[in-house]
Amino acid sequence: MSVSERLPDTTPTDAVGANSLTEEPREVRHQKRVLLVWDAPNLDMGLGAILGGRPTAAYRPRFDALGRWLLGRTAELSGTSGVRLEPEATVFTNIASGSADVVRPWVEALRNVGFAVFAKPKIDEDSDVDADMLDHIALRARDGGLAGIMVASADGQAFREPLEDIAATGVPVQVLGFREHASWAVASETLEFVDLEDIPGVFREPLPRVSLESLPDEGAWLQPFRPLSALLIGRQGVQ
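Residues numbered from 1 in each chain as written. Predicted model: local features only at pLDDT ≥ 70, side-chain atom pairs only at ≥ 80, totals over all residues. Heavy atoms only, no water.

Asker: Would you explain the environment of V202 in this entry?
Answerer: Mapping V202 onto the fold places it in the segment after β6 (192-195). Given a relative accessible area of 1%, V202 falls into the buried group. Sequence-distant contacts of V202, defined by excluding residues within four places in its chain, comprise R60, P61, R62, A65, L66 and L196. (Helix = DSSP H or I, 4+ residues; strand = E, 2+ residues; numbered from the N terminus. Buried < 20%, exposed > 50% of the residue type's maximum accessible area, 1.4 Å probe, protein only. Contact = heavy atoms within 4.5 Å.)

In structure tokens:
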């Protein structure tokens, strides 16, 4: 994924990682936020499944468009609450061994748009970023610091219960993703689902989506979410 249009360098001073709250000025720590958290490994997998392979430039999410949407959502919530709210967006990602040079331009482009990035080495199957995302959300929700939250992920096992708990406190919660892979959020009575393709400008071209409910008469190929070789990762003694 890459950012094709870069906005001026307006990175918020409070766009920080999950473990740096104690380093922030007091007025920043107590600022109510509208938080967007992007689960890059999960969404990359979902987008790859829709496309049947790695995305070309036309099908890579445009984070400048996503940032503008977040700003609009923050303004909307500020207007209804009567309180000045601050937007904050963070992309959580894994960095596989040897991929730093390839990933670096994408990370730098995200930071230039105004997104924070939490990057974690991909050492084995357990090196995912779910726990880090949940820790960050909990940190921001502490002491009523969340005025709204958007989580871009289809991982209902990790996020459904925590997000429903937040929604039960009255905080608006939105799940962003692809409707084919997030039925738990689409059907939820307490969470609002937003399909990424419905956000203006996030994709240059319509995604070639196939729904099991509306298959073409000739049938359609549904690609695997990951290669079979992934079954061997982390297993000892498997030839």
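Asker: What exactly am I supposed to notice about the pairing of strand β3 (residues 116-122) here?
Answerer: Across 7 bridges, the pairing between strand β2 (residues 86-96) and β3 is parallel. Across the sheet, T90 pairs through a bridge with A116, a residue of β3. Between the parallel pair β2 and β3, the chain is carried across by helix α4 (residues 100-113), and the sense of this crossover is right-handed. (Pairing = 2+ DSSP bridges. Right-handed = clockwise from strand over helix to strand, strands pointing away.)

Asker: Would you explain the pairing of strand β1 (residues 33-39) in this entry?
Answerer: Side-chain positions along a regular strand alternate between the two faces of the sheet. Counting buried residues along β1, 7 of its 7 residues qualify, which places the element largely inside the surrounding structure. The side-chain alternation of β1 yields two buried faces, one formed by R33, L35, V37 and D39 and the other by V34, L36 and W38. Relative to strand β4 (residues 146-152), β1 is paired through 6 bridges, and the arrangement is parallel. Counterpart to V37 in the pairing with β4 is V151.

Asker: Explain helix α2 (residues 40-51) to me, please; I cannot follow it from the model alone.
Answerer: Each turn of an α-helix holds 3.6 residues, which means side chains three or four residues apart point in the same direction. Compared with an ideal rise of 1.5 Å per residue, which puts 12 residues at 16 Å, α2 spans 16 Å between its outermost C-alpha atoms and is within 8% of the ideal. Contact partners of the buried residues in α2: β1, β2, α4, β4 and β5 (173-177). Where α2 ends, the next residue or the one after it, G52, has phi of about 75°, a positive value. (Expected span 1.5 Å × (residues − 1).)

Asker: Please clarify how the packing of aromatic side chains should be interpreted in this entry.
Answerer: The geometry of an aromatic ring pair is captured by the separation of the ring centres together with the interplanar angle, meaning the angle of the planes. Under the definition given, this model contains 4 aromatic pairs. With 5.2 Å between their ring centres and 35° between their planes, F92 and F118 make a pair best called tilted. Note that F92 is positioned in strand β2 and F118 in strand β3, a separation of 26 residues in sequence. Between F178 and F203, the ring centres sit 6.3 Å apart and the planes meet at 40°, which makes this aromatic pair tilted. Of this pair, F178 sits in the loop between β5 and α7 (183-186) while F203 sits in the segment after β6, placing them 25 residues apart in sequence. In this structure, F178 and F203 share a single accessibility class: buried. By the ring-pair criterion, three or more aromatic residues cluster together here, those being W38, F63 and F115. (Phe/Tyr/Trp six-rings, centres within 6.5 Å; stacked < 30°, edge-to-face > 60°.)

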